[in-house]
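Chain by chain, the residues run as shown.
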Amino acid sequence: MIHCEGLVKIYKTADLEVFALQGLDLHIESGELMAIIGNSGSGKSTLLNMLGGLDRPTAGKLTVDGRDMLKFKERDFVRYKRESVGFVWQNNARNLIPYLTALENVELPILLTGARKRWRAKELLDAVGLSHRASNKLYELSGGEQQRVAIAIALANHPKLLLADEPTGSVDSRMANQILDLFRELNRTIGITVVIVTHDPELAKKVDRVAAIRDGKISSEMLRKRSYAEELAELEEADDEEGTHVEYAVLDKAGRLQVPAGYLESIGVKNSNKLRVELGEGRIVLLPPEEKE
């Protein structure tokens, strides 16, 4: 579904260039449910904006559903945003029109395409568990319910890709879990590809793969060991002390490896940019630099 190779994004002002992405490589399969995590300023929101057609890459390769987005003209971006991608924002003001009911909010993107399908809007509200709130204005809905309406809106025009930017950032932990369960259910039932950007590492328990961005590049990935269904079945029997995912460092084409800062600190590397490297028994071992006597 998504292929990024050597992706670069530079923001320019009169006398300054800021590299938001620095040669990022990422591949996402159709029907995958994954999360992108990273600290503020790491480049994760920049990546999401480019996947959503809201921003244009500076260099590299970016294809979504087989289409080269570096070759897009303005009309291509308009068509792409209408037909291929759905977007859920953390800020509900960007998703919803306050003086419309829940049903009218979901109907609006359908009407903009020239279709008059009230049944489609009702179907979507039912899918997100809000059919009983269809006639309510937004101020009558909780934050979590408003976010569910936003998800229904994002699905209104049958997109192949659903992008969510911090979708649980403005709700409590109980509602956050319900929203993440909803993403998984939609992914399972309609096969839509879901990419969620978040700073919350707990999200890893709900998705199949987590990619961590650091300094504008993918630094590591975590892949689910067993299917989510198997883990739910075992949840009542025993706690999974080893965690739900296996973590991998990502090696770029130049042979560069980003090691998480916590790992380096655990072996006493804090103020050095050098590591000792040893090869033995089929392993590459990283060690702190030898202290000078």
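Parameters at a glance
Residues numbered from 1 in each chain as written. Predicted model: local features only at pLDDT ≥ 70, side-chain atom pairs only at ≥ 80, totals over all residues. Heavy atoms only, no water. Pairing = 2+ DSSP bridges. Helix = DSSP H or I, 4+ residues; strand = E, 2+ residues; numbered from the N terminus. Contact = heavy atoms within 4.5 Å. Axes fitted to C-alpha atoms, helices over the stretch in contact; angles between N-to-C directions. Buried < 20%, exposed > 50% of the residue type's maximum accessible area, 1.4 Å probe, protein only. Lys, Arg positive; Asp, Glu negative; His and termini not counted. Salt bridge = Lys/Arg side-chain N within 4 Å of Asp/Glu carboxyl O. Polar contact = N/O pair within 3.5 Å; in protein donor to acceptor, adjacent residues only side chain to side chain. pLDDT = per-residue confidence, 0-100. Patch = residues over 30% accessible without salt bridge, like charges linked within 9 Å, V, L, I, M, F, W, Y side chains within 5 Å. Areas by Shrake-Rupley, 256 points an atom, 1.4 Å probe, with all protein chains shown as cover. Parallel < 35°, antiparallel > 145°, perpendicular 65-115°, else oblique. Left-handed = near helix turned anticlockwise from the far one by under 90°. Nonpolar A, V, L, I, M, F, W, Y, C, P; charged D, E, K, R; others polar.

**Here we look at the sheet that holds strand β1 (residues 2-12)**
Read from one edge to the other, the open sheet built from four strands follows the order β2-β1-β4-β5, with strand pairing classed as antiparallel. Each end of this open sheet is capped by a strand with a single partner; those strands are β2 (17-28) and β5 (67-68). Where β1 and β2 come together, nine bridges link them in antiparallel fashion. When the bridges of β2 are listed, Tyr11 appears paired with Val18. Docked against the sheet, helix α1 (residues 44-51) engages β1, β2 and β4 (59-64), running at close to 115° with respect to β1.

**Considering the side chain of Lys44**
Within the secondary structure, Lys44 is located in helix α1. Glu166 provides the closest opposite charge to the buried, unpaired Lys44, separated from it by 4.5 Å. A polar contact is formed between the side chain of Lys44 and the backbone oxygen of Asn39, at a distance of 3.4 Å. With residues near it in sequence (within four places) discarded, Lys44 still touches Ile36, Ile37, Gly38, Asn39, Glu166, Val197, Thr198, His199 and Ile213.

**Overview of the confidence of the model for the protein chain**
Residue-level pLDDT values for the protein chain average 82, and 90% of them are 70 or greater. Below a pLDDT of 50 lies the segment residues 236-241, which in the model reaches one contact outside its immediate sequence neighbourhood of four places, other chains included.

**What to know about a nonpolar patch on the surface**
A cluster of nonpolar side chains, Leu251, Leu257, Val277, Leu279, Ile284 and Leu286, forms an exposed patch at the surface whose accessible area comes to about 640 Å². Secondary structure elements with two or more residues in the nonpolar patch: β12 (276-280) and β13 (283-287). When you line up the elements, Leu286 lands in strand β13.

**Describing the sheet that holds strand β3 (residues 33-37)**
Ordered in space as β6-β7-β8-β3-β9-β10-β11, the seven strands form an open sheet in which the pairing is mixed. Every other strand in the sheet has two partners, leaving β6 (85-88) and β11 (245-249) as the edge strands with one partner each. This sheet shows a mean twist of 20° between the axes of neighbouring strands, independent of strand direction. Here strand β7 (residues 161-165) runs beside strand β8 (residues 193-198); their pairing, made up of five bridges, is parallel.

**Some words on the side chain of Thr193**
Among the secondary structure elements, Thr193 is positioned in strand β8. Within the structure, Thr193 has its side chain in polar contact with the backbone nitrogen of Gly31 (distance 2.8 Å). Those residues within four positions of Thr193 in sequence are excluded, and the remaining contacts are Met1, Ile28, Glu29, Ser30, Gly31, Glu32, Lys160, Leu161 and Leu162.

**Re the packing of helix α5 (residues 143-154) against helix α6 (residues 173-190)**
Between α5 and α6, the shortest axis-to-axis distance is 10 Å and the interhelical angle comes to 20°. Taken together, the axis directions place α5 and α6 in an arrangement best described as roughly parallel. The element α5 and its partner α6 pack so that their crossing is right-handed. Contacts between α5 and α6 involve Gly144, Gln147, Arg148 and Ile151 from the first element and Met175, Gln178, Ile179, Leu182, Phe183 and Leu186 from the second. Its residues assigned to classes, the contact of α5 with α6 shows six nonpolar, three polar and one charged.

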